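What follows is the residue order along each chain.
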Amino acid sequence: MSITHNLATSLSSSSSAFLAPPSFNSRGHVSLPVKSVGICKCVAAPEAETAYKTRVIRNPNMGKLQAGYLFPEIARRRSAHLLKYPDAKVISLGIGDTTEPIPEVITDAMSKRSHALSTFEGYSGYGAEQGEKPLRSAIASTFYSDLGIEEDDIFVSDGAKCDISRLQIVFGSNVKMAVQDPSYPAYVDSSVIMGQTGLYQKDVQKFANIEYMRCSPENGFFPDLSSISRADIIFFCSPNNPTGAAATREQLTQLVKFAKDNGSIVIHDSAYAMYISGDSPRSIFEIPGAKEVAMETSSFSKYAGFTGVRLGWTVIPKQLLFSDGFPVARDFNRIVCTCFNGASNISQAGGLACLSPEGLKAMRDVIGFYKENTNIIVETFDSLGFKVYGGKDAPYVWVHFPGRSSWDVFAEILEKTHVVTTPGSGFGPGGEGFVRVSAFGHRENILEACRRFKQLYK
Amino acid sequence: MYHSAFCSVDVFQPRMLAARFSCTLNTHNVRIGHCTKVPRNVNMQKLQHGYLFPEIEKQELMHLKMHPHANVIDLGVGDTTQPLPTIVTSSMVDFVHGLSTTAGYKGYGPEQGEKALRKAITVAFYKDLGIKPSEVFVSDGAQCDITRLQLLMGPNLKIAVQDPSFPAYIDSSVIIGQAGKFVDQAGKYKNIEYMTCGPQSNFFPDLTNISRTELIFFNSPNNPTGHAATRKQLEQLVDFARVNGSIIIFDSAYAAYVTDDSPKSIYEIPGAREVAIEVSSFSKFAGFTGVRLGWTVVPEELLYSDGFPVMHDFNRIMCTCFNGASSIAQAGGLACLSPEGLRAIQSLIDYYMENARMLVDALTSLGLTVYGGKNAPYVWVHFPGSKSWNVFAEILEKTHIITVPGCGFGPGGEGYIRISAFGQRDSIIEASQRLKYLNYQEQN
């Protein structure tokens, strides 16, 4: 069978190029990571030599990426583990995927809209690319009332991950990012793809031309801004994935000031805001002056279990201006109109129901459920003597394994307890020595996983 | 009023070309306050005006303001109007209900799409063409895929487009940084190769006159001209791509509208697997313009110059810059591709094509030269010697019908008007009547 067949197998759903991507020499020979089976050498090489190649040069930015996106790699490892232990009851606390059913008040609205599409009165075609007005209005009034954010500052999308790339397209390749270290991998990866970065530096596990803002227990998971060089765009996720840290009002005020002093733009990722327990700000716009320096991206994924349904939003205040005074929102609008065609109308109907009084209550109940899961996991690792972070304001528990490689710990936990977690170094060099445990799961699976952790680490 | 860079400044004044913003200028157009030090992306500045279709909508709104009692008929933006078949919506209703149950709940799906849907797409559209489910990437629509493909390919290459063509190819090329400067005189971007497609060459470019580019966007059946390339034409195109080492991005969003034996997929042409990507959509096929579902095929054999498979990088883009099409839309898509779904969808397509036939008849009876309307839901009407924005305005003023001026699709569209055949039958009948009373006079 040809080389290309092997490649197709390695690209099965939920997998991507893994840690050791196939290497390609200049003559186009493909060498894949060796599976120790007797491969017919005499067939592979001649086919590769005669295979037609276009003369289109591969985008060097894609070549800078070190491996597949983190979460498909976790999924691949999980699948490989299942192959090895087909009877194992694998529990997934890796990818932050919601597990509880969507409340009926929300699914009823989506059913209604779906049905309506089969009627003359209810059929709708293309919607406004920025989102349906009632939903934009509901988002503004639910999350941003009294913060001076208006309906037309809201851009509805198919999710924060997609918005992150669209924002990168707005900014282009000639800007520099700063990210927290550790951080959600899409910020760095999209920056590389967009051509904003230099090469990956293996010794420090960082891409050149990205400013990595270390967030660790030592600095209370807030960067020492006095040691950070200026970047054009600062990605800041709070409550944080993966550390679970929610920045205080004081910290965010510092961040806004830092952005103002440096003329930077903060992209505040507030996808987990509804998980906040205390009085940490839920939105960057709670900070005075933020509208001139920040935009905010958020999502229904972790609130309403919409990880598959696909709905999110980005807020860009009118006051946010490029250096020549041009409003950022206008360019984002152009991108939304040209590179996107609106979130699914059915998903938007669901989103609107989410923001009804009944919907909000139902979402808070599900969030409460996941927060209780988080408590159980925190208590478990606490009781085993680990230093545990996060878990109060986010559905993630950030467990410290000092001196150990996080991929090794990941592998050990997977091998010995059949529980999937996420190795901290997948989120950046600042994640080394940590493992992220997601709190999404059915209660019995969370309890079982914790039993197994107690077994392993007693 | 709308200004198109492809037309000379005429009746219409620039609107998006606003006064330069400045933090120090004290005018009502400008915000006083903090400017960041983030430079605006120069590529965004190269865009000449707003995206075409929102601009048409603005025209419609302005017209409605001036004529609040007019019964405006929208044959502009190609938006489907007929309700979805109940077999499709009931499968989405069932799926949605499942999401509220423990057994039926689904979270993140594979970024490439649900296995069953990928398989159904290969069976429905690529039977006997050797396309595998693993080569099909489900998306939230072709317009989104076009940008993702540009992101994949990067800024350091050139595209060729048909002229006229769907504006997203050019606009995305500008945004990514491939297109170079806009040349006012020609109404073209310096680094884009415009392949004129006009009646004189049977709406297929004279490939002997086309410079090599890395990517070639080719849309067939074509938006806006309605022309479906013949097998012979596509063989030439594949050969041209092969000789030049180029990649064709073949947009087959209207393939289901083909009524003759024109190819419905580029992969009907031998050798296409090694040179072509195909993008398609459920939008015009199944009325999913608001539901959002499409797909892109990237064959395994499609390789970059260093032998690296394009599919591998596209997969990385889909996993990093996207998170899958809505699971509900995918459930609907699967129902579309069931035997009953396909039958129901065919009736919708037939309905729109009957609309097209009526419009073609009405316009032909005026003595106009009319193209398209046979293999696509678009009618491409020639107004030789006229500026298409002027004709657009005249039609709107006299008949309250929204169309799309041809120059919005490129300089090759000047002198033409695109009329969509989407609409309720009675609107189409009404529109046909109104058009017949349009006294068109030949420009001398």
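Note that the structure is predicted; figures quoted are calculated from it, not measured.

Within chain A one finds 15 helices and 17 strands. If you take every contact in chain A between residues at least 6 apart in sequence, the share linking residues at least 24 apart comes to 72%. Working note: accessible area of chain A is about 16600 Å², and carbon and sulfur atoms make up 53% of it.

Glancing now at the domain arrangement of chain B. Residue and element names in this part refer to chain B. The domain boundaries assigned to chain B delineate domain 1 (44–82 + 344–443) and domain 2 (86–339). Look at where the C-alpha atoms of domain 1 and domain 2 centre, and you get two points 25 Å apart. Taken together, the contact between domain 1 and domain 2 spans 31 residues of the former and 40 residues of the latter. Summed over both sides, the interface of domain 1 with domain 2 buries roughly 3000 Å², with 64% coming from carbon and sulfur. The largest share of the area that domain 1 buries against domain 2 comes from Tyr-51, Ile-345 and Asn-375, three residues that together contribute 23% of it. Between the two partners, domain 1 and domain 2, sit 13 residue pairs in polar contact (both at pLDDT 80 or more). Of all the elements, helix H11 (residues 339–365) adds the most residues to the side of domain 1 that touches domain 2, at four residues. The residue inventory of the side of domain 1 that touches domain 2, partitioned by class, reads 18 nonpolar, nine polar and four charged.

This part takes up the interface of chain A and chain B. Counting residues at the interface gives 110 residues for chain A and 106 residues for chain B. Counting the surface lost from both chain A and chain B, the interface buries some 9300 Å², and carbon and sulfur atoms represent 59% of this. Among the residues of chain A in contact with chain B, A:Tyr52, A:Tyr126 and A:Arg334 are the three that bury the most area, contributing 9% of the side total. Linking chain A to chain B there are four salt bridges. Linking A:Arg58 and B:Asp313 is a salt bridge whose minimum nitrogen-to-oxygen distance equals 2.7 Å. For the pair chain A and chain B, the interface holds 44 residue pairs in polar contact (both at pLDDT 80 or more). Elements with a contribution of two residues or more to the side of chain A that touches chain B: helix H1 (3–10), helix H5 (104–116), helix H7 (160–171), helix H8 (185–194), helix H9 (249–262), helix H10 (301–304), helix H11 (328–338) and helix H12 (345–354) of chain A. A per-class count over the side of chain A that touches chain B returns 46 nonpolar, 42 polar and 22 charged.

With that out of the way, let us pick up the nonpolar core. Within the largest apolar cluster, 141 residues are counted, with the highest numbers of intra-cluster contacts made by A:Phe171, A:Ile233, A:Met295, A:Ile316, B:Met153, B:Ile277 and B:Val310. Broken down by element, the residue count for this core peaks at seven residues, all from helix H5 (residues 142–153) of chain B. When we break this core down by domain, the ones giving at least three residues each are domain 1 (44–82 + 344–443) and domain 2 (86–339) of chain B. Contact partners of B:Ile277, with chain neighbours within four places excluded, come to B:Leu149, B:Met153, B:Ile247, B:Ile248, B:Ile249, B:Phe250, B:Tyr267, B:Thr296, B:Val297, B:Val298, B:Leu302 and B:Val310. Core analysis: the second largest hydrophobic core is formed by 119 residues, A:Phe285, B:Phe204, B:Leu234 and B:Ala272 among them.

Right, let's get into the sheet that holds strand S15 (residues 416–420) of chain B. Residues and elements named next belong to chain B. Strand order in the open sheet formed by four strands is S11-S12-S15-S14, with antiparallel pairing between adjacent strands. Sheet topology places strand S11 (369–372) and strand S14 (404–405) at the edges, where each strand pairs with a single neighbour. Bridging between S11 and strand S12 (residues 378–382) involves four bridges; their strand directions are antiparallel. If you follow Val-370 over to S12, its bridge partner there is Val-381. Those strands touched by H11 are S11, S12 and S15, and its axis lies near 10° from that of S12. Relative to S15, helix H12 (residues 388–399) is tilted by about 45°, and along the sheet it contacts S14 and S15.

Attention shifts here to the pattern of salt bridges. The tally for this structure, following the rule as stated, stands at 37 salt bridges over all chains. Its salt-bridge partner being A:Glu150, residue A:Lys318 comes within 2.5 Å of it at the nearest N-O pair. A residue pair is termed long-range when its members are at least 10 positions apart, and A:Lys318 in the loop between strand S12 (312–315) and H11 and A:Glu150 in the loop between helix H6 (133–143) and strand S4 (154–157) qualify at 168 residues. Residue classification places A:Lys318 among the partly exposed positions, given a relative accessible area of 26%. B:Arg316 is the partner of A:Asp189 in a salt bridge, and the nearest nitrogen-oxygen pair spans 2.8 Å. Taken together, the positions of A:Asp189 in helix H8 and B:Arg316 in helix H9 (residues 310–320) put the pair across two chains.

This part is about the UniProt feature "domain: Aminotransferase class I/classII large" (unreviewed entry) in chain B. Residues given the UniProt feature "domain: Aminotransferase class I/classII large" (unreviewed entry) here are residues 71–423 of chain B. Taken end to end, residues 71–423 of chain B is 35% helix and 16% strand, and its two terminal C-alpha atoms sit 14 Å from one another.

Below, the discussion takes up the packing of aromatic side chains. By the definition in use, this model includes 56 aromatic pairs over all chains. Site record: aromatic cluster; members linked through ring pairs are A:Tyr69, A:Phe71, A:Tyr184, A:Tyr187, A:Phe221, A:Phe235, A:Tyr389, A:Trp398, A:Phe427 and A:Phe434. It is B:Arg118 that lies over the ring of B:Phe137; its NZ or CZ is 5.9 Å from the centre. The residue whose ring lies beneath B:Arg148 is B:Phe322, and the NZ or CZ to ring-centre distance is 3.9 Å.

On to helix H4 (residues 70–84) of chain A. Taking 1.5 Å as the rise per residue, H4(A) with 15 residues should run 21 Å; its terminal C-alpha atoms sit 21 Å apart, in good agreement. Along H4(A), the residues that are buried comprise A:Leu70, A:Phe71, A:Pro72, A:Glu73, A:Ile74, A:Ala75 and A:His81. The elements touched by buried residues of H4(A) are H8, helix H14 (406–417), strand S15 (419–420), strand S16 (422–423) and strand S17 (434–438) of chain A together with H9 of chain B.

This part takes up the confidence of the model for chain B. Scored by pLDDT, chain B comes out at a mean of 92, with 91% of its residues at no less than 70. Predicted confidence is poor over residues 1–29 of chain B, with pLDDT under 50, and the contacts of this stretch with residues over four places away or in other chains come to 78 contacts.

With that settled, the discussion passes to unusual backbone geometry. Residue and element names in this part refer to chain A. Cis geometry is found at the peptide bond from Asp-181 to Pro-182, where omega equals 15°. Along the chain, Pro-182 turns up in the loop between strand S5 (177–181) and H8. Between Ser-238 and the following residue, Pro-239, the backbone shows a cis peptide bond with an omega angle of -5°. By secondary structure assignment, the location of Pro-239 is in the loop between strand S9 (233–237) and H9. Of note in the backbone geometry, Asp-146 takes a positive phi value of approximately 70° without being a glycine.

What counts as what
Residues numbered from 1 in each chain as written. Chains lettered and ligands numbered in written order. Predicted model: local features only at pLDDT ≥ 70, side-chain atom pairs only at ≥ 80, totals over all residues. Heavy atoms only, no water. Helix = DSSP H or I, 4+ residues; strand = E, 2+ residues; numbered from the N terminus. Contact = heavy atoms within 4.5 Å. Areas by Shrake-Rupley, 256 points an atom, 1.4 Å probe, with all protein chains shown as cover. Domains from an automatic or database assignment. Buried area = accessible area lost by both parts, 1.4 Å probe. Polar contact = N/O pair within 3.5 Å; in protein donor to acceptor, adjacent residues only side chain to side chain. Nonpolar A, V, L, I, M, F, W, Y, C, P; charged D, E, K, R; others polar. Salt bridge = Lys/Arg side-chain N within 4 Å of Asp/Glu carboxyl O. Core = buried A, V, L, I, M, F, W, Y, C linked by side-chain atoms within 4.5 Å. Buried < 20%, exposed > 50% of the residue type's maximum accessible area, 1.4 Å probe, protein only. Pairing = 2+ DSSP bridges. Axes fitted to C-alpha atoms, helices over the stretch in contact; angles between N-to-C directions. UniProt positions renumbered as here; feature names shortened; annotations may be inferred. Phe/Tyr/Trp six-rings, centres within 6.5 Å; stacked < 30°, edge-to-face > 60°. Lys NZ or Arg CZ within 6 Å of the ring centre and 35° of its normal. Expected span 1.5 Å × (residues − 1). pLDDT = per-residue confidence, 0-100.

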